[in-house]
Amino acid sequence: MKVIFVCLGNICRSPMAEAMFKDMVASAGLSSQIQIDSAATSTYELGSSPDSRTVKELAKHGLPATGMIARQLDATDFNSADLILVMDENNLRDAKKMAPDKNSADKVKLVYSLTPGKENYVVADPWYTGDFAKTYADLSEALPHWLEYLKKRIK
Ligand code: 4NP
């Protein structure tokens, strides 16, 4: 199984989600069965490392932010991924537009879409809000549902 987290720049929200979900999957003993990556809808930050505020927020929780370099979502991703999890409605629209066909467009879902009662909630862009702790809190709420979802499909 492969999950790709996607946001606008691939330097704030999606690398945070990637690092957090890698840790959750490792704790569940599923690292060999679930591949995790992240990408951008835009080309704004291609080649950049995660934003220093994302790195700092992850460090607060003991998580590394190593080995992540911003890149844009591409056609290969739509083939290789089982799930493309996006942060907000703009990401949803843009990523679906980039999909080569209907089947792969259906892989694109809001990261909050499995959170009961908050299916349409979005992870606000901390690039604008500056609130990286809120991004971490939001992702902490949304990501466990995807781990449960994947566990059911692996076994
Ligand atoms: P992200 O945040 O989508 O969470 O990575 C942003 C990063 C960069 C820009 C916008 C949002 N930018 O305009 O460069």
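Structure shown above.
Parameters at a glance
Residues numbered from 1 in each chain as written. Predicted model: local features only at pLDDT ≥ 70, side-chain atom pairs only at ≥ 80, totals over all residues. Heavy atoms only, no water. Disulfide = S-S within 2.5 Å. Buried < 20%, exposed > 50% of the residue type's maximum accessible area, 1.4 Å probe, protein only. Near = heavy atom within 4 Å. Polar contact = N/O pair within 3.5 Å; in protein donor to acceptor, adjacent residues only side chain to side chain. Areas by Shrake-Rupley, 256 points an atom, 1.4 Å probe, with all protein chains shown as cover. Nonpolar A, V, L, I, M, F, W, Y, C, P; charged D, E, K, R; others polar. Helix = DSSP H or I, 4+ residues; strand = E, 2+ residues; numbered from the N terminus. Arc of directions from axis to C-beta. Contact = heavy atoms within 4.5 Å. Pairing = 2+ DSSP bridges. Axes fitted to C-alpha atoms, helices over the stretch in contact; angles between N-to-C directions. Phe/Tyr/Trp six-rings, centres within 6.5 Å; stacked < 30°, edge-to-face > 60°. Lys NZ or Arg CZ within 6 Å of the ring centre and 35° of its normal. Salt bridge = Lys/Arg side-chain N within 4 Å of Asp/Glu carboxyl O.

Novice: So what's going on with the state of the cysteines? Which residues, and what values?
Specialist: Counted by the stated rule, this structure contains zero disulfides. No disulfide involves C7; its sulfur sits 6.8 Å from the nearest other cysteine sulfur, which is in C12. We classify C12 as buried; its relative accessible area is 4%.

Novice: An account of the site of the ligand is needed here, citing residue identities and associated values.
Specialist: Neighbouring the ligand are the residues C7, L8, G9, N10, I11, C12, R13, Y44, E45, D125, W127 and Y128. Between the ligand and the protein, one listed contact pairs an oxygen atom with a backbone N or O atom of L8 at 2.9 Å. Measuring from an oxygen atom of the ligand, one finds a backbone N or O atom of C12 at 2.9 Å. Contact with the protein chains covers 93% of the free accessible surface of the ligand, which is 360 Å². Taken together, the residues that form the shell around the ligand break down as seven nonpolar, two polar and three charged.

Novice: Report on helix α2 (residues 52–60), specifying residues and quantitative values.
Specialist: Of all the positions in α2, only T54, E57 and L58 are classed as buried. Angularly, the buried residues of α2 cover 100° about the axis, an arc narrow enough to put them on a single face. Opposite its buried face, α2 presents the exposed residues S52, K56 and K60, each directed more than 90 degrees away. Buried residues along α2 sit in contact with α1 (13–27) and α7 (132–154). Its side-chain oxygen at 2.8 Å from the backbone nitrogen of R53, D51 defines the N-terminal cap of α2. Positive backbone phi, approximately 75°, marks G62, located one or two places after α2.

Novice: Describe the sheet that holds strand β1 (residues 2–7), naming the residues involved and giving the relevant values.
Specialist: Spatially, β2-β1-β3-β4 is the arrangement adopted by the four strands of the open sheet, whose pairing is parallel. Across the chains shown, the open sheet's two edge strands, defined by having one partner strand only, are β2 (35–40) and β4 (108–110). Between one strand and the next, the sheet's axes are offset by a mean angle of 30°, whatever the strand orientation. Note: β1 against β2, six bridges, orientation parallel. Counterpart to K2 in the pairing with β2 is Q35.

Novice: Lay out the packing of aromatic side chains in plain terms, naming residues and giving numbers.
Specialist: Taken as a whole, this structure holds three aromatic pairs when the rule is applied. On the numbers, 5.2 Å between centres and 65° between planes, the contact of W146 with Y149 is edge-to-face. Highlighted residues: W146 and Y149, both in helix α7, separated by three residues, approximately one helical turn. Under the relative-accessibility criterion, W146 is labelled buried at 1%. Over the ring of Y121 we find K118, and its NZ or CZ is 4.9 Å from the ring centre. Above the face of the Y149 ring, R153 is positioned so that its terminal group lies 3.7 Å from the ring centre.

Novice: Can you break down the pattern of salt bridges residue by residue, with the values?
Specialist: Tallied over the entire structure, the rule returns 12 salt bridges. For D94, the salt bridge is made with R93, and the minimal N-O distance between the two is 3.1 Å. For E148, the salt bridge is made with K151, and the minimal N-O distance between the two is 3.3 Å. Here E148 pairs with K151, and both are found in helix α7, just three residues apart, close to one helical turn. For E148, a relative accessible area of 39% puts it in the partly exposed group. K151 sits in the partly exposed class, given a relative accessible area of 26%. Residues joined by salt bridges that share partners form a network here, namely R13, D88 and D125.

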